[in-house]
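The primary structure of each chain is shown beneath.
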Amino acid sequence: MARTLNLEVERDHLVSLTRVSPLNALREVIWNSLDADATKINISYELDELDGIKKIIVKDNGHGISHEEAIQAFSSLGGSAKKTKKHSPNNRILHGEEGKGRFRIFALGGLITFISVYSDNGQKKSFRITLNNNRLKNPEVEDPKNVSSSQNTGVTVLIDNIEENISKSTFGLATKNKIAQRFAVYEEAYDFEIFINNEQLDFSTVVKNTYTKDFKVDYEGKEVAFSAKIIEWNFDSETDLFLCNPNGIAYQETNLGYKPSLPVTVYLLSEYIEELHKNSKLQLENLDEIVQGAKGQIREITRDYIRERKHKSSHEIIEKLKKEKLYPYEDEPNTPTEKAERQVFDIVTLEVHESSPDFDDQTPKSKKITLQLLKEALENERSDFKKILKEIVELPENKVTELSEILEKTSLTNLIDAMKEIQDRLRIVYELKELLFNPNYKDKVLERSHLHKILKNETWIFGDDYTYGADDVSLRNVLKEYINYLGRDELVEKIPGDEKLDKNIPDVCLWKQYNRGTSGHFKNLVIELKRPNKSITIQEIDQIKRYARVVHSDDRFPTEKTEWIFVLLSTKLNDDAELECNQADREWGLIELKPGLKVYVKKWGDILNEAEARHQYLKKKLGYEVKEEDEGIILLKKKYKEYLPDLVTKIGN
């Protein structure tokens, strides 16, 4: 005898649950079987005389649905027993808990029959549950009957009245691959097999490579743990990002944010995602700062993975180019910077070899020129890189975009840029020492024509806290610049002309604005340069003090909110200046100290040694040593040739 149930829910809501893709409907059937501890799931279909699908059968060997569970589950939406149970009898993490998945099966057909065989106190029992698309609110549940003890437990789902859009292609290779994508991570945690028309979906044959990396997202002083799982496939795949619980149950498919150039699927696993799912907040993941932070990190992890895999693939091609003497690098890379740059070049070469229409057909000379152009574009101005790829190498647009991703957005490229900057800084420190102390240079170096022009672009020498503000202007205009920086444009015109201000012209003004504990508090640095061959005297010390006092006394910059640091900088001091700098009650060189004001005299040697010391640890890690020998000031000449023409002429190239 069958019992007709009455679902206490609007039919429109039930109908909305049936509007999913056939693939998602199949996934729901599989999840139901897995939640019932099935180790074998077979999906098959029967054909009619026109070779169309007339019935779909899904059979598993799980523990089945008990009659009591069925009455509860099909009497109300959300009445699933999984709501209160977190684990299956065999301790699998449960996927479904809302009781909605069974209605999504209607995307395959209009008449659904569940045949359950279960064990009740040692007795095997069986019954049917029938769902009809025309009577969604009234499932029918038969009374259980005793069956043979030799009968296996499990659920068979019969789907009839097949939807018009369902055909044999629904169960083809594309569907198998998408099912593999959804269940691959879960399959690593639990043992089960999936068959489609008796053909096993073998995860080992479709998975080419896997990679896992744990990471954390900092949010409001707390660390949230995540794990990134990347699976590379042996089939072409649209890239997906699945949001999963720690056991690999994929709750939601979302957008990774870019298209990798390898067939990968990315899984973001975390207890935090499980909590969002339980609280029905996962659909709002685009508004969740923690999930967005994790997605940002997983994109970088994926890019690094793609880069590393492509680098390995490039090895054979690179070796061939080396044998043919076409490879543009002669020596092996030594420093981490050189190794990273070489890796990027090899990846680019691989893409050119695989994607350029006629690269293989080019003459050796033409190939060599192409590779040399790519090398120079990577080493110098990457803005030319896309143009070379498009117009000379003739790569397809999508490949140009992919390579631009590698160059512009990967952490590798950021690392290369950072390492280059450190190496350049160390070189500049060395070369500035040459300019300031080498007898061949120092008498020819001028503060405004040379030092001033260089330092306005190399303010890191004085500390990375400062950004370049204004140079070679009267202090009146420095005040204007500073007020503009504060966003107080209305005050600019109110600054009166002042003879004292107009006469005092600092060489370089650097500033940094930062919160000193209270909003609106600022710190400023003003530097007065002297040429290397000029000794600082009491006259110069009096001058820098005068600069400082004029600015410090201005009412627009209250001392309780504004700190000024003035520095007089040269290579040497006369005896009177040394005496002025060596005061017993303060550090050497601090020649004036008031609330909100410090005035220093500093030596170039101390400044450059401090700058070098700040980079010393990274210098050691990079394995980089500045080559001195007879190279002179090669980097400064290259970077500032427009500022140093007379100096270059005088001391040669």
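Residues numbered from 1 in each chain as written. Predicted model: local features only at pLDDT ≥ 70, side-chain atom pairs only at ≥ 80, totals over all residues. Heavy atoms only, no water.

1. Notes on the overall build of the chain
Piece 1. When helices and strands are tallied, the chain shows 23 helices and 21 strands.
Piece 2. For the chain, with 653 residues in total, the buried portion stands at 51%.
Piece 3. In the chain, of all internal contacts separated by at least 6 residues, the share reaching a separation of at least 24 is 69%.
Piece 4. Total accessible area on the chain is roughly 32,200 Å²; 44% of this is exposed by carbon and sulfur atoms. (Helix = DSSP H or I, 4+ residues; strand = E, 2+ residues; numbered from the N terminus. Buried < 20%, exposed > 50% of the residue type's maximum accessible area, 1.4 Å probe, protein only. Contact = heavy atoms within 4.5 Å. Areas by Shrake-Rupley, 256 points an atom, 1.4 Å probe, with all protein chains shown as cover.)

2. A short note on the sheet that holds strand β12 (residues 222-233)
Piece 1. Within the open sheet, the 5 strands sit side by side as β11-β12-β15-β13-β14. Their pairing is mixed. Since the sheet does not close on itself, it has two edges, and those belong to β11 (207-219) and β14 (250-254), each with one partner. Here the average twist between neighbouring strands, direction ignored, is 25°.
Piece 2. Of the pairings in the sheet, the one linking strand β13 (residues 241-244) to strand β15 (residues 264-269) comprises 4 bridges and is parallel in character. Directly across from Leu241, in β15, lies its bridge partner Val266.
Piece 3. Sheet strands touched by helix α8 (residues 289-313): β11, β12, β13, β14 and β15. Its angle to β11, the strand with the most contacts, is close to 145°. (Pairing = 2+ DSSP bridges. Axes fitted to C-alpha atoms, helices over the stretch in contact; angles between N-to-C directions.)

3. Here's the deal with the pairing of β14
Piece 1. In terms of burial, β14 is a largely internal element, 4 of the 5 residues being buried.
Piece 2. Across 4 bridges, the pairing between β13 and β14 is antiparallel. When the sheet's bridge partners are listed, Leu243 is paired in β14 with Gln252.
Piece 3. As consecutive antiparallel partners, β13 and β14 are separated by 5 residues, and within that stretch Gly248 has a phi angle of approximately 90°, a positive value.

4. Remarks on empty space enclosed by the protein
Piece 1. Applying the stated criterion across every chain yields a total of 3 cavities of 30 Å³ or more.
Piece 2. Taken as a whole, the second largest cavity holds about 50 Å³ of empty space.
Piece 3. In the lining of the second largest cavity, the residues fall into 3 nonpolar, 1 polar and 4 charged. (1 Å grid on protein atoms, 1.4 Å probe; cavity = no way out; pocket = protein on both sides within 12 Å on 5 of 7 lines; lining within 4 Å. Points joined across faces, edges and corners; volume = space filled by probe spheres on them. Nonpolar A, V, L, I, M, F, W, Y, C, P; charged D, E, K, R; others polar.)

5. Looking at the environment of Lys367
Piece 1. Looking at the secondary structure, you find Lys367 in helix α11 (residues 364-379).
Piece 2. A C-alpha to C-alpha distance of 9.5 Å links Lys367 and Leu321, two positions 46 residues apart in sequence.
Piece 3. Excluding residues within four positions of it along the chain, Lys367 makes contact with Leu326, Phe359, Asp360 and Gln362.

6. Observations regarding the packing of helix α2 (residues 22-35) against helix α5 (residues 173-189)
Piece 1. Remark: α2 packs on α5, axes separated minimally by 11 Å, with the N-to-C direction vectors making an angle of 40°. As for the relative orientation of α2 and α5, their crossing is right-handed in sense. Contacts from Leu23, Asn24, Leu26, Arg27, Ile30, Trp31 and Leu34 in α2 reach Thr175, Lys178, Ile179, Arg182, Phe183 and Tyr186 in α5.
Piece 2. Of the residues belonging to the contact of α2 with α5, the class tally is 8 nonpolar, 2 polar and 3 charged. (Left-handed = near helix turned anticlockwise from the far one by under 90°.)

7. Some words on the confidence of the model for the chain
Piece 1. Counting all residues, the mean pLDDT for the chain is 79, and 74% of those residues have values of 70 or more.
Piece 2. Taken as a whole, residues 79-84 scores under 50 in pLDDT and shows 14 contacts with residues more than four places along the chain or in a different chain.
Piece 3. Confidence drops under a pLDDT of 50 for residues 649-653, and excluding neighbours within four residues, the segment shows 8 contacts in the predicted structure. (pLDDT = per-residue confidence, 0-100.)

8. Focus: the packing of aromatic side chains
Piece 1. Taken as a whole and assessed by the stated rule, the structure comprises 17 aromatic pairs.
Piece 2. Considering the side-chain rings of Tyr327 and Tyr329, the 5.6 Å spacing of their centres and the 50° angle between planes classify their relative orientation as tilted. Pair check on accessibility: Tyr327 and Tyr329 agree, each one buried.
Piece 3. One aromatic cluster is present, formed by Trp31, Phe183, Tyr186, Tyr190, Phe192 and Phe203 through successive ring pairs.
Piece 4. A cation over an aromatic ring shows up here: Lys40 above the ring of Phe195, its NZ or CZ 5.2 Å from the ring centre. (Phe/Tyr/Trp six-rings, centres within 6.5 Å; stacked < 30°, edge-to-face > 60°. Lys NZ or Arg CZ within 6 Å of the ring centre and 35° of its normal.)

9. With respect to the side chain of Ser227
Piece 1. Topologically, Ser227 is positioned in strand β12.
Piece 2. The buried category is assigned to Ser227, whose relative accessible area is 16%.
Piece 3. Side chain to side chain, Ser227 and Asp214 meet in a polar contact 2.9 Å long.
Piece 4. For Ser227, the residues in contact, after removing those within four places along its chain, are Thr212, Lys213, Asp214, Phe215, Tyr267, Leu268 and Leu269. (Polar contact = N/O pair within 3.5 Å; in protein donor to acceptor, adjacent residues only side chain to side chain.)

10. So, α8
Piece 1. Taking 1.5 Å per residue as the helical rise, α8 with its 25 residues ought to reach 36 Å, and the 36 Å between its terminal C-alpha atoms agrees with that figure.
Piece 2. Where α8 is concerned, the buried positions are Ile290, Val291, Ala294, Lys295, Ile298, Ile301, Thr302, Arg303, Tyr305, Ile306, Arg307 and Lys310. (Expected span 1.5 Å × (residues − 1).)

11. A look at the nonpolar core
Piece 1. Counting residues in hydrophobic clusters, the biggest one holds 85 residues, and the most contacted among them are Ile56, Phe114, Phe171, Phe226, Tyr267 and Leu268.
Piece 2. Contact partners of Ile56, with chain neighbours within four places excluded, come to Ser44, Tyr45, Leu108, Val157, Leu158, Ile159, Ile162, Ile166 and Phe171.
Piece 3. Residues Tyr441, Ile454, Leu590 and Trp604 belong to the second largest nonpolar core, which totals 28 residues. (Core = buried A, V, L, I, M, F, W, Y, C linked by side-chain atoms within 4.5 Å.)

12. A closer look at helix α20 (residues 604-614)
Piece 1. Turning to α20, its buried residues are Trp604, Gly605, Ile607, Leu608 and Ala611. Buried residues of α20, viewed axially, fall in a sector of 165°; they line one side. (Arc of directions from axis to C-beta.)

13. Quick look at unusual backbone geometry
Piece 1. In this model, Asn121 sits at a positive phi of 55°, which is unusual for a non-glycine residue.
Piece 2. Among the structural elements, Asn121 can be located in the loop between β4 (109-120) and β5 (123-132).
Piece 3. The class of Asn121 is exposed, set by a relative accessible area of 81%.
Piece 4. One non-glycine residue, Ser280, adopts positive backbone phi at about 60°.
Piece 5. Following the sequence through the fold, Ser280 ends up in the loop between α7 (271-278) and α8.

14. A few points about the side chain of Ser237
Piece 1. By the secondary structure assignment, Ser237 is in the loop between β12 and β13.
Piece 2. Side-chain polar atoms of Ser237 contact the side chain of Gln181, separated by 2.6 Å.
Piece 3. Setting aside anything within four residues of it in sequence, one finds Ser237 in contact with Gln181, Lys259, Pro263, Val264 and Thr265.

15. Overview of the pairing of strand β9 (residues 193-196)
Piece 1. Relative to β9, strand β2 (residues 40-47) is paired through 4 bridges, and the arrangement is parallel. Looking across to β9, one finds that Ile43 is bridged to Ile196.
Piece 2. Relative to strand β10 (residues 199-200), β9 runs antiparallel, the two being bridged by 2 bridges. Bridge pairing in β10 links Phe195 to Gln200.
Piece 3. A loop of 2 residues connects β9 with β10, the two strands running antiparallel in sequence, and Asn197 in this loop sits at a positive phi of about 50°.

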